[in-house]
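# A structural walkthrough
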Amino acid sequence: METIVALFNMVLIVFIVTTMLSAGFNTTLAQIGAAVSRVGLLVAVLVVAFVIRPLAGWATAEIFGLATGAYIATVLLWSCPGAPFGAKLVMTAKADLQSGAVLQVLMASLGSLTFAPTANLIIGAADLGDDVSLPVGQLIATVAVLQLVPFCLGILIRHRAEDQAKEWGAWAQKVSGLTFVIVLTGALLGSWQTIIDLVGSLVLIAATVTSAVMIGIGYLISVGDTPTKKAAALIQPCTNSGPALAAVGIAFDNDPEILGAITGILLIQIVVGLVVASLMAKKQAPEPAAA
């Protein structure tokens, strides 16, 4: 069992590192500068991601009266914005992909620093028990090293050797996708009974409600044209799962109840995001016919 857990954690590390490497390889300094220069959009997206998002997760955990394991999973996931899958949702909706992708990467990078203190603050305020807390310093150091260092390295290589970065970025993206599937499969196998028990439960209903609410708030608060507002909305519902899974391993010894709830919530986030993105794409105004 210890060997399986060790392998799971190794694959998780590879997933986190390659995800942020891929993000760095596909991000230029010019793109970051362009995103930062749009102050109104940037502020709106960050406020939604780092203030409203965790509060919405906390609110639904309270409103639906989730059990401790599911409550912790909910708080961890909604405190961790910046999922790479957000860019895929933007692409599905035929929205502003460049803005969405760069903002998603910025969210993930900042989230590596804010995730642990935000989640720990909410868990403490929720009074889930004296033994329920996060080692904030250890988590910040671990997640920052696993996310910020690869991301910055990827940007540096992209800046100095663009062709090489594009080639390595393609490989990093493939490894990231493969390891994400392995991590999800491992979580499913390790907590399958918990996941079965979640079917029809308040945990999945709460996740569905929160995902839909975050998309709506992300759209309403953002600024810009319709494609940009769609992009800003669709990068909000899904979670950058690496830090949350790392927290479960470090603080909760890969508790099957928490892992099962995390897996179920992640799947709901993806499904809701895909449904909304597909609806947005259908409502896209048709391009004018060629003369």
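Below is a summary of the structure that appears in this document.

### Let's talk about the overall build of the protein chain
- Scanning the protein chain for helices and strands turns up 13 helices and 0 strands.
- For the protein chain, whose C-alpha radius of gyration is 18 Å, the value lies close to the compact-globule estimate of 19 Å for 291 residues.
- C-alpha extents for the protein chain along the principal axes are approximately 65 × 40 × 30 Å.
- Accessible surface, the protein chain: about 13100 Å² in total, of which carbon and sulfur atoms supply 69%.
- Here the protein chain carries 12 positive and 15 negative side-chain charges, and the mean point of each set is 19 Å from the other.

### As for unusual backbone geometry
- Even without being glycine, Asp127 reaches a positive phi, approximately 55 degrees.
- Among the structural elements, Asp127 can be located in the loop between α6 (97–126) and α7 (136–160).
- Asp127 gets classed as exposed once you look at its relative accessible area, which sits at 62%.
- Not every positive phi belongs to a glycine, and Asp253 is a case in point at roughly 50 degrees.
- Counting through the fold element by element, Asp253 comes out in the loop between α12 (241–252) and α13 (256–282).

### Some remarks on the side chain of Thr239
- Within the secondary structure, Thr239 is located in the loop between α11 (226–234) and α12.
- Using a relative accessible area of 6% as the deciding quantity, one classes Thr239 as buried.
- There is a polar contact of 3.2 Å between the side chain of Thr239 and the side chain of Arg53.
- Filtering out sequence-adjacent residues up to four positions away, Thr239 remains in contact with Arg53, Leu77, Trp78, Cys80, Ala83, Leu266 and Gln269.

### Notes on helix α3 (residues 39–63)
- Between its terminal C-alpha atoms α3 stretches 34 Å, which fits the 36 Å expected from 25 residues at 1.5 Å a residue.
- Ile52 marks where α3 bends most, by close to 40 degrees; the proline Pro54 follows one to four residues later.
- Positive phi shows up at Gly65, right after α3, with a value of about 55 degrees.

### What about a nonpolar patch on the surface?
- Side chains of Val39, Val43, Val47, Val51 and Leu55 sit close together on the surface and give an oily, nonpolar patch of about 390 Å² of accessible area.
- Locating Val47 in the fold gives a position in helix α3.

Conventions we followed
Residues numbered from 1 in each chain as written. Predicted model: local features only at pLDDT ≥ 70, side-chain atom pairs only at ≥ 80, totals over all residues. Heavy atoms only, no water. Helix = DSSP H or I, 4+ residues; strand = E, 2+ residues; numbered from the N terminus. Rg over C-alpha atoms; globule rule 2.2 N^0.38 Å. Areas by Shrake-Rupley, 256 points an atom, 1.4 Å probe, with all protein chains shown as cover. Lys, Arg positive; Asp, Glu negative; His and termini not counted. Charge placed at Lys NZ, Arg CZ, Asp CG, Glu CD. Buried < 20%, exposed > 50% of the residue type's maximum accessible area, 1.4 Å probe, protein only. Polar contact = N/O pair within 3.5 Å; in protein donor to acceptor, adjacent residues only side chain to side chain. Contact = heavy atoms within 4.5 Å. Expected span 1.5 Å × (residues − 1). Bend = angle between axes of the 7 residues up to and from the residue. Patch = residues over 30% accessible without salt bridge, like charges linked within 9 Å, V, L, I, M, F, W, Y side chains within 5 Å. Salt bridge = Lys/Arg side-chain N within 4 Å of Asp/Glu carboxyl O.

Nothing here speaks to function; it is geometry throughout.
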